[in-house]
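Spelled out from the first residue to the last, the chains are:
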Amino acid sequence: MSIKVRYFASLKEAIGRSEDHLEFAGLATVADVWRYANPNKALPDNSLAAVNMDYVELKSPVKDGDEVAFFPPVTGG
């Protein structure tokens, strides 16, 4: 299955790229996508994830053609 991965804000800067295109065989979760794309980097605490522009938990499944996005924790004022 083919998954597009996008990174935003400080995550994009820390990783050094804005997106990845990954190929998976079998079932995967959002957490699996992060680990596969970034094997030497832990996802920062309180980061947010979305699948096809809907916020999801890291244990949420992904399927062929999905777009997974990762966002750093956000604070406002």
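Residues numbered from 1 in each chain as written. Predicted model: local features only at pLDDT ≥ 70, side-chain atom pairs only at ≥ 80, totals over all residues. Heavy atoms only, no water.

### Observations concerning the overall build of the chain
1) Next: When its secondary structure is counted, the chain shows two helices and seven strands.
2) Next: Secondary structure of the chain in N-to-C order comes out as β-α-β-β-α-β-β-β-β.
3) Next: For 77 residues, the compact-globule estimate of 2.2 N^0.38 gives 11 Å, and the C-alpha radius of gyration of the chain, at 12 Å, lies within 12% of that figure.
4) Next: For the chain, with 77 residues in total, the buried portion stands at 36%.
5) Next: In the chain, the share of contacts with a sequence separation of at least 24, taken over all contacts with a separation of at least 6, comes to 50%. (Helix = DSSP H or I, 4+ residues; strand = E, 2+ residues; numbered from the N terminus. Rg over C-alpha atoms; globule rule 2.2 N^0.38 Å. Buried < 20%, exposed > 50% of the residue type's maximum accessible area, 1.4 Å probe, protein only. Contact = heavy atoms within 4.5 Å.)

### Considerations on the pairing of strand 4 (residues 48-51)
1) Next: Alignment of strand 4 against strand 7 (residues 67-71), held across four bridges, turns out to be antiparallel. Within the sheet, the bridge partner assigned to alanine 49 lies in strand 7 and is phenylalanine 70.
2) Next: Count of turn residues in the strand 4/strand 5 (residues 54-56) antiparallel hairpin: two residues, of which asparagine 52 carries a positive phi of about 50°. (Pairing = 2+ DSSP bridges.)

### Remarks on the pairing of strand 7
Strand residues, when the strand is regular, have side chains that alternate between the two faces of the sheet.
1) Next: Counted residue by residue, strand 7 has four buried out of five residues, so it is predominantly covered.
2) Next: Strand direction decides the pairing type here: strand 1 (residues 2-7) and strand 7, joined by four bridges, are parallel. Note that in strand 7 the partner of tyrosine 7 across the bridge is phenylalanine 70.

### Details of the sheet that holds strand 2 (residues 19-23)
1) Next: The strand order across the open sheet built from five strands is 2-1-7-4-5, with neighbouring strands paired in mixed fashion. Edge positions in the open sheet fall to strand 2 and strand 5, since each of these has one partner strand only. The average undirected angle you get between the axes of adjacent strands in this sheet is 30°. (Axes fitted to C-alpha atoms, helices over the stretch in contact; angles between N-to-C directions.)

### What to know about the nonpolar core
1) Next: By size, the foremost hydrophobic cluster in this structure holds 18 residues, and its most contacted members are Val33, Val62, Val68 and Phe70.
2) Next: Those elements giving two or more residues to this core turn out to be strand 1, helix 1 (9-15), helix 2 (30-37), strand 4 and strand 7.
3) Next: The dominant element in this core, judged by the number of residues it contributes, is helix 2, at four residues. (Core = buried A, V, L, I, M, F, W, Y, C linked by side-chain atoms within 4.5 Å.)

Coordinates in, geometry out; function isn't part of it.
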